[in-house]
Amino acid sequence: MSKRKKKIKKSQGQITDPVAKDTRKPPIERPTAMGMAFRTAGILEVKVANTSLPKQDLTPQTDASGQVGQRQKRIMRPGNVAEKSNLKDQVIVERIKLKPKEEKPEKIKEVASIRRHESDTRPGRTQICSTDEAKSREIVIGIDFGTSCTKIVIRDRELGQAYAVPLESQTTPGFPYFLPSRLFIDSNKVISLISGDTCMKDIKLMLMRSPELVKKIDNNLPESVSSLELVTGYLALTLREARHWFLENHNAVYSGLLIDWSFNIGVPSSSSEFKSHAQIYKKAALAAWWLSAQNGLLDLTLVQEALVKAEESIQQNVPIDDAGLHPELVNSFPEVIAEAVGYARSDMRPTDGTMHLLVDVGAGTMDLAMFVLHRVKDPDTESEIDQYSTLLNDVCRLGALILHEERVNYQYKFLKEKLEGLVSDDFFVSSIPGPNDYIVDQTSKVIDECDRNFKNNCSNRIKTILLNAKRKRNPIAWIWEEGLPVILSGGGSKVPIYRKAIEESQEALGSQVVPFRLIELNKPSRLEAQLLAEDYHRLAVAYGLSHSVLEIGNVLPPEAIEDISISKRKTHYTDNYPGAEMT
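Note that the coordinates shown come from a computational prediction; the quantities given were computed from them, not determined experimentally.

About the criteria used
- Residues numbered from 1 in each chain as written.
- Predicted model: local features only at pLDDT ≥ 70, side-chain atom pairs only at ≥ 80, totals over all residues.
- Heavy atoms only, no water.
- Pairing = 2+ DSSP bridges.
- Helix = DSSP H or I, 4+ residues; strand = E, 2+ residues; numbered from the N terminus.
- Axes fitted to C-alpha atoms, helices over the stretch in contact; angles between N-to-C directions.
- Contact = heavy atoms within 4.5 Å.
- Parallel < 35°, antiparallel > 145°, perpendicular 65-115°, else oblique.
- Expected span 1.5 Å × (residues − 1).
- Buried < 20%, exposed > 50% of the residue type's maximum accessible area, 1.4 Å probe, protein only.
- Arc of directions from axis to C-beta.
- Polar contact = N/O pair within 3.5 Å; in protein donor to acceptor, adjacent residues only side chain to side chain.
- Salt bridge = Lys/Arg side-chain N within 4 Å of Asp/Glu carboxyl O.
- Phe/Tyr/Trp six-rings, centres within 6.5 Å; stacked < 30°, edge-to-face > 60°.
- Lys NZ or Arg CZ within 6 Å of the ring centre and 35° of its normal.
- pLDDT = per-residue confidence, 0-100.

Some words on the sheet that holds strand β17 (residues 366-377)
Now for step 1: Taking strand neighbours across the sheet as the criterion, the 6 strands line up as β20-β19-β16-β17-β18-β22 in an open arrangement whose pairing is mixed. On the outer flanks of this sheet lie β20 (517-519) and β22 (554-556), each paired with one strand and no other. Going from strand to strand, the sheet's axes swing by 30 degrees on average, the running direction of each strand aside.
Now for step 2: Where strand β18 (residues 384-396) meets β22, 3 bridges bridge the pair, whose relative direction is parallel.

Okay, structure coming up:
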């Protein structure tokens, strides 16, 4: 075998090979799906075939911490060129730095357009410490996967310190804690939080409808993707970014510790749907964690592989592999209950056994829950834990963005009817409508009508919860006579319509009930986040989910709690007077 190295040089934008017989300029091939992984700023991929080279070792090299080495030899993924078993010509990727030339600005523009954001090729590390003999520390990641944006809080259970994760390069300027819930896909099925050929939105709503719901990636292409695959890919990239931020910004604290990770995610479901939705979310979360521990680009093929592995992991109750989490370390909780965890563990906690109404207004849904908060003894640990006895809950598509869509639809319908009335073939040229006839001056009335109908819909859903609680679920609760505490929170809770809906719903209970007490959640002192105290409610779900399973406690679903019945009998006037034995 000749040991002579191929000398490759670049001259006037051309790549020549002095050894090759054909001296014509060889074409520069466009990168394949995996070839995109080799791009960084100012680097162009060139493939050089050499049949005389020895077969490359495809086993990833690992460093002392067990992580896959970032500087290992990059080999093209088998299948893009040929199968491993039949691969005769090894394909080596050489990197040649491009020197921008002023005379060819179009070439610079072409290279810049195919650069990848650093988050797309992020290493999937989970540890800083490289020795197994170090002490361990339990860290919990809480993810509030929302309709419009996702919030992440990471918490050190031993220190009791929590950190809201800012992802400034992926979020809207000024809102670093709110990651848009969307996923980009390129023509090679590579997924990204930043850019791609197709942007998939409303992925949470798609999953709520059905995990098998299929959507075409591009109308011009035959490929499609399921809602479960979209959510799994999105969560994987989100987890990888959150871990990277945490390990980079808190290196000094955790460089000598082994981190025991666990992961909680919120589920927006009514009682009848929670169990099935929780299983779907658990599968997606397990697969997402395994994906997030992989290096480099992630694509839909790898997402599908991860979901198969996650299903097997759940059935066998074992981790997928060393990169995966044990299924018992990935848990889901009702979002409305997670939102109350910070409140339950704060100085605002009320008397044990107090019943609450929680109204969580998000972008797509309004979540309602009537629950009783009290302490119980855990049968396994013999210690006291919180228990949320959920009497009633409901999830309805009455979020703030739905209100916005309703307003637009009302206005569009009104304008359409108004302008269509001006379309006629009977007008004479001299008698067409005047300029003022085209002006719509009743817009405010249209919006008022829309808001009134929307508020009534919200109020009716809240009334249903209240009446069921007062008549059947907990009619003798002492809190009815002292003022039911109502927690109003969520990104859309500042819209006045929802507060008005709560006020009107109280009228359904009549004069026998003391007015409600509206409670605003306070920002916990152990949460590190650069946001105003009055905006904490937007992080309340993620903060609650950042607590361990034992810290959150038990959540009893409505079907596990019987109604409280009141015996009815005819009264006698003597019942109003003391008997002889009491005189």
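Focus: the sheet that holds strand β9 (residues 183-185)
Now for step 1: In spatial order, the strands read β10-β9-β11; together these 3 strands make up an open sheet with antiparallel pairing. Edge strands, defined here as strands with exactly one partner in the open sheet, are β10 (191-192) and β11 (198-200).
Now for step 2: Summarising the sheet, β9 and β10 pair through 2 bridges and their orientation is antiparallel. Across the sheet, residue F184 finds its bridge partner in β10, namely S192.
Now for step 3: Sheet contacts for helix α3 (residues 227-249): β9, β10 and β11; angle to β9, the most-contacted strand, approximately 105 degrees.

Overview of the packing of α3 against helix α6 (residues 300-316)
Now for step 1: Running from amino to carboxyl end, α3 crosses α6 at an angle of 95 degrees, the nearest separation of the two axes being 10 Å. The pairing of α3 with α6 is recorded here as roughly perpendicular in orientation. Residue-level inspection shows L228, E229, T232 and G233 of α3 in contact with α6, the latter providing V303, Q304 and L307.

Focus: α6
Now for step 1: Helix length check: α6 (17 residues) gives 25 Å between terminal C-alpha atoms against 24 Å at 1.5 Å per residue, within 8%.
Now for step 2: Among the residues making up α6, those that are buried are L300, L302, V303, A306, L307, A310 and S313. Axial view of α6: buried residues confined to an arc of 140 degrees, hence all on one face. Those residues of α6 that are exposed and aimed more than 90 degrees away from the buried face are Q315 and Q316.
Now for step 3: Where α6 begins, one side-chain oxygen reaches toward the backbone nitrogen of T301, 3.3 Å away; that side chain belongs to D299.
Now for step 4: At the exit of α6 stands N317, carrying a positive phi of roughly 55 degrees.

Description of the pattern of salt bridges
Now for step 1: The tally for this structure, following the rule as stated, stands at 19 salt bridges.
Now for step 2: Taking the shortest distance from any N to any O, the salt bridge between E504 and K455 comes out at 2.8 Å. Of this pair, E504 sits in helix α10 (residues 496-506) while K455 sits in helix α9 (residues 443-473), and the two are 49 residues apart along the sequence.
Now for step 3: Of the charged contacts in the structure, one is a salt bridge between D563 and R473, with a shortest N-O distance of 2.5 Å. Separated by 90 residues along the polypeptide, D563 in the segment after β22 and R473 in helix α9 bring together distant segments of the chain.
Now for step 4: By relative accessible area, D563 is classed as partly exposed at 41%.
Now for step 5: What emerges from the salt-bridge pattern is a single network uniting R349, D352, R375, E384 and D386.

Here we look at the packing of aromatic side chains
Now for step 1: Within this structure, the stated rule accounts for 10 aromatic pairs.
Now for step 2: Centroid distance W261 to W289: 5.8 Å. Interplanar angle 55 degrees. Geometry classified as tilted. Of this pair, W261 sits in strand β14 (residues 258-267) while W289 sits in helix α5 (residues 271-292); the two residues are 28 residues apart in sequence, bridging distant segments of the chain.
Now for step 3: Given a relative accessible area of 5%, W261 falls into the buried group.
Now for step 4: Through a chain of ring-to-ring contacts, the aromatic side chains of Y163, F246, Y254, W261, F263 and W289 assemble into a single cluster.
Now for step 5: Over the ring of W289 we find R243, and its NZ or CZ is 4.7 Å from the ring centre.

Some points on α3
Now for step 1: For α3, with 23 residues, the first-to-last C-alpha span of 33 Å sits near the 33 Å given by 1.5 Å per residue.
Now for step 2: Counting buried residues along α3, 20 of its 23 residues qualify, which places the element largely inside the surrounding structure.

Concerning the pairing of strand β6 (residues 149-156)
Now for step 1: Across the 8 residues of β6, 8 count as buried, placing the element largely inside the fold.
Now for step 2: Because side chains alternate across β6, one face comprises the buried residues C149, K151, V153 and R155, and the other comprises T150, I152, I154 and D156, equally buried.
Now for step 3: Joining the antiparallel neighbours strand β5 (residues 136-145) and β6 is a turn of 3 residues.
Now for step 4: Relative to strand β8 (residues 179-180), β6 runs antiparallel, the two sharing 2 bridges. Across the sheet, residue T150 finds its bridge partner in β8, namely L179.
Now for step 5: Pairing of β6 with strand β7 (residues 161-164), which is carried by 4 bridges, proceeds in the antiparallel orientation. What sits directly across from R155, in β7, is A162.
Now for step 6: Between β6 and the antiparallel strand that follows it, β7, lie 4 residues; G160 among them carries a positive phi value of about 75 degrees.

Details of the confidence of the model for the protein chain
Now for step 1: Taken over all residues, the pLDDT of the protein chain has a mean of 78, while the share at 70 or more is 72%.
Now for step 2: Across residues 1-114, where pLDDT falls below 50, the model places 129 contacts with residues more than four positions away in sequence or in other chains.
Now for step 3: Note that pLDDT drops below 50 for residues 568-583; the model gives that stretch 1 contact with residues more than four away or on any other chain.

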